[in-house]
Amino acid sequence: MTFHVHTYGCQMNVRDSEAVEALLAAAGHVRVDDEADAELVIVNSCTVRDMAERKAVGKCGNLIAAKEGRGRARRSANAAVKIVGLMGCAVKRMGLEVFKSLPNLDFAVGPRRFGAIPHLVARCLAGEKGILELPDDDEVPTGMDAHGSGNSFQSYVTVLLGCDNRCSYCIVPDVRGHEYSRPAREVVAEVRALAARGVKEVCLLGQSVLRYGVRNPAWLPDDPPSPGGYTEAFPRLLEALSAIEGLERIRFTSAHPKGCTDELVRAYAEFPKVCRHLHLPVQSGSDRMLKEMGRRYTRAEYLAAVAKLRAFDPEFAVTTDVIVGYPGETESDFEATRSLMEEAGFDNAFVFKYSPRPGTRSAALPDDVPTAEKERRDQVLLSDQQVRGQARNDRLVGTVREVLAEGPSLRNAARWSGRDGGNRIVVFEPKGPLVVGTPVKVRIAEAHPQILIGEVVV
Ligand code: SAM
Ligand code: SF4
């Protein structure tokens, strides 16, 4: 069949979708860029906020209507669709309820069970429908190392599955199960194979990626010892990946301040391939809120982690996630978040309006910050971040950044864009022909809150 996977949500979902595409291609199906040409359409869902889940379920509903040629859907963009599947976090949350919302769905499969999809498609082609596959909390997925044969120079690699943190507001541990660290030798083999295929940059994924090797050992007794004497599993992984020839950059996400150890800082300092950027979600700047949320750090501990990273490199980029309107968040809690963001000097920030999720601890609390107030707090933080982003980027004018070329800029094809080590977008005019994934040195001439513009240095 021709197929298309439509992805909502985080990088983990992007990675899972890529693995599914590779598994379907290996089973003889043909990936198409345009959903309109696809006979099989799979929607990879997110449930972290209510709106995210609604979007994925709504999308599936439209696809099913198109498949059945109902109403306006008959003339819809999905004329070729014959099988519709739903995968990912919303399936695990909804369970059997998914067929109440989507009665004619062909199959639904939770995270950590996506390896079954080619088999489910075969069952649907044999006439079955309404198949539900829910993974166990400790299941280790099959097909995790499947990558497409595309020529992208960047790749995600999942290293830590699930989450054991159980922050009060978060549904992720319920839907993605318990933590499981993939054996380091598997990760190293996967990255080595990617590098041999031309991948220059990998981003290691885990909900709390610095807990790699904490719940189960990632390094086994017969693995070679760390040449640099690293004793912590994650910095030791960075050391092993740094030695892979052809690989230029290593990123990872997301982090927790407790994981910002001396060994991690040593790895940043010792291995130039490890990008000096950390996505370190803070969620709130108020100690009272942090305690309620079960985040396991105080404002002071969080700021100390940021200071530690910037102490060895003042340009070290730190980005974050913040939630506004958590139950009981007062104006003074919110002001504490504002001041923390200023003190931390974030390079970028994603702001989320609190959304109660079924089964989480905070869902039992009244969602008492009115929607309009959540909206206002969101806007205040975003406009603060614009000013801060401009100031942080202004400091980089005149410096030379090493940029991995990503391709022509969307707005102006004569210009290319790429990212520096700090994950900042840099726009430049290439001098002559350029290949995607090539490192380019760019002197920054102009700074904006979200992008830098510069000239290629010969
Ligand atoms: N594991 C990461 C961490 O805690 O560092 C983040 C994972 S979560 C998929 C991404 C972001 O969604 C969180 O950092 C949080 O800001 C936001 N989020 C999670 N649950 C939420 C909720 N119930 N309402 C609003 N935002 C939420
Ligand atoms: Fe959710 Fe907290 Fe785990 Fe992140 S660390 S996925 S916010 S429970």
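Predicted model only: the values in this text are computed from it and were never measured.

### Structural notes on the site of ligand 2
And then number 1: Lining the immediate environment of ligand 2, one finds Cys163, Asn165, Arg166, Cys167, Tyr169, Cys170, Val172, Pro173, Gln207 and Arg295.
And then number 2: Looking at the shell around ligand 2 residue by residue, the classes come out as 6 nonpolar, 2 polar and 2 charged.

### Let's talk about unusual backbone geometry
And then number 1: Between Thr253 and the following residue, Ser254, the backbone shows a cis peptide bond with an omega angle of -5 degrees.
And then number 2: Mapped onto the fold, Ser254 is located in the loop between β11 (249-253) and α9 (262-270).

### Thoughts on the sheet that holds strand β3 (residues 40-45)
And then number 1: If you trace the 6 strands from one edge of the open sheet to the other, you get β2-β1-β3-β4-β5-β6, paired in parallel fashion. In this open sheet, the two edge strands, each paired with only one partner strand, are β2 (30-31) and β6 (131-133).
And then number 2: Inspection of the sheet shows strand β5 (residues 107-109) paired to β6 by 3 bridges, in the parallel sense. Within β6, the position partnered with Val109 by the bridge is Glu133.
And then number 3: Relative to strand β1 (residues 2-7), helix α1 (residues 11-26) is tilted by about 170 degrees, and along the sheet it contacts β1, β2, β3 and β4 (83-88).
And then number 4: Where helix α5 (residues 117-125) meets the sheet, its contacts fall on β3, β4, β5 and β6, and the angle it forms with β5 comes to roughly 165 degrees.

### Regarding the nonpolar core
And then number 1: Grouped together as the largest cluster of nonpolar side chains are 58 residues, with contacts concentrated most on Leu204, Phe234, Leu237 and Phe252.
And then number 2: Among the elements that make up this core, the one with the highest residue count is helix α7 (residues 184-196) (6 residues).
And then number 3: With residues up to four places along the chain from it excluded, the contact list for Leu237 reads Val159, Ala184, Val187, Val188, Leu204, Tyr212 and Trp219.
And then number 4: In this structure, Tyr8, Val81, Val84 and Met94 belong to the second largest nonpolar core, which totals 24 residues.

### Quick look at the pairing of strand β18 (residues 439-447)
And then number 1: Pairing of strand β15 (residues 400-408) with β18, which is carried by 5 bridges, proceeds in the antiparallel orientation. Among the inter-strand pairings, Arg401 is bridged to a residue of β18, identified as Val442.
And then number 2: Sheet analysis places β18 next to strand β19 (residues 451-456), joined by 5 bridges and oriented antiparallel. Within β19, the position partnered with Val442 by the bridge is Val456.

### Here we look at the sheet that holds β18
And then number 1: One closed barrel holds the 5 strands; their spatial order is β15-β16-β17-β19-β18, and the pairing between them is mixed. If you compare each strand with its neighbour and ignore which way they point, the axes differ by 50 degrees on average.
And then number 2: Here strand β17 (residues 425-429) pairs with β19 via 5 bridges, running parallel. Bridged to Glu429 within β19 is Glu455.

### Details of the packing of α7 against helix α8 (residues 233-242)
And then number 1: Interhelical geometry of α7 versus α8 gives an angle of 30 degrees and a closest axis separation of 10 Å. Looking at the two axes, α7 sits roughly parallel to α8. The handedness of the crossing between α7 and α8 is right-handed. Contacts from Ala184, Val187, Val188 and Val191 in α7 reach Leu237, Ala240 and Leu241 in α8.
And then number 2: Partitioning the contact of α7 with α8 into residue classes produces 7 nonpolar, no polar and no charged.

### Here's the deal with the packing of aromatic side chains
And then number 1: Overall, the coordinates contain 11 aromatic pairs when judged by the stated rule.
And then number 2: Their ring planes at 75 degrees and their centres at 4.8 Å tell us that Phe234 and Phe252 sit as a pair that is edge-to-face. Placement of the pair is Phe234 in helix α8 and Phe252 in strand β11, with a sequence separation of 18 residues. Of the two residues examined, Phe234 and Phe252, each falls in the buried class.
And then number 3: Ring geometry for Tyr268 against Phe316: centres 4.8 Å apart, planes inclined by 85 degrees, an arrangement best described as edge-to-face. Residue Tyr268 is located in helix α9, and its partner Phe316 is located in the loop between α11 (299-312) and β13 (317-324); the two are separated by 48 residues in the primary sequence.
And then number 4: Grouped by ring-pair contacts, the aromatic residues Tyr212, Phe234, Phe252, Tyr268, Phe312 and Phe316 constitute a single cluster.
And then number 5: Between the NZ or CZ atom of Arg236 and the centre of the ring of Trp219, over which it lies, the distance is 4.1 Å.

### Thoughts on the site of ligand 1
And then number 1: In the neighbourhood of ligand 1, 15 residues make up the surrounding shell, with Gln207, Pro281, Gln283, Asp321 and Ser355 lying closest.
And then number 2: Separating an oxygen atom of ligand 1 from a side-chain N or O atom of Gln283 is a distance of 2.7 Å.
And then number 3: For ligand 1, whose unbound accessible area comes to 570 Å², protein coverage reaches 90%.
And then number 4: Listed by contribution, the elements that provide at least two residues to the shell around ligand 1 are β13 and β14 (348-353).
And then number 5: Tallied by class, the residues present in the shell around ligand 1 amount to 6 nonpolar, 4 polar and 5 charged.

### Topic: α5
And then number 1: Every buried residue of α5 is listed here: Ile117, Pro118, Leu120, Val121 and Cys124. Burial along α5 is one-sided: seen end-on, the buried residues are contained in an arc of 160 degrees.
And then number 2: Lining the buried residues of α5 we find α1, β3, β4, β5 and β6.
And then number 3: Trailing α5 by a residue or two, Gly127 shows a phi angle of about 110 degrees, which is positive.

Basis of the calculations
- Residues numbered from 1 in each chain as written.
- Chains lettered and ligands numbered in written order.
- Predicted model: local features only at pLDDT ≥ 70, side-chain atom pairs only at ≥ 80, totals over all residues.
- Heavy atoms only, no water.
- Near = heavy atom within 4 Å.
- Nonpolar A, V, L, I, M, F, W, Y, C, P; charged D, E, K, R; others polar.
- Helix = DSSP H or I, 4+ residues; strand = E, 2+ residues; numbered from the N terminus.
- Pairing = 2+ DSSP bridges.
- Contact = heavy atoms within 4.5 Å.
- Axes fitted to C-alpha atoms, helices over the stretch in contact; angles between N-to-C directions.
- Core = buried A, V, L, I, M, F, W, Y, C linked by side-chain atoms within 4.5 Å.
- Buried < 20%, exposed > 50% of the residue type's maximum accessible area, 1.4 Å probe, protein only.
- Parallel < 35°, antiparallel > 145°, perpendicular 65-115°, else oblique.
- Left-handed = near helix turned anticlockwise from the far one by under 90°.
- Phe/Tyr/Trp six-rings, centres within 6.5 Å; stacked < 30°, edge-to-face > 60°.
- Lys NZ or Arg CZ within 6 Å of the ring centre and 35° of its normal.
- Polar contact = N/O pair within 3.5 Å; in protein donor to acceptor, adjacent residues only side chain to side chain.
- Areas by Shrake-Rupley, 256 points an atom, 1.4 Å probe, with all protein chains shown as cover.
- Arc of directions from axis to C-beta.

What is shown is where atoms sit, not what they do.
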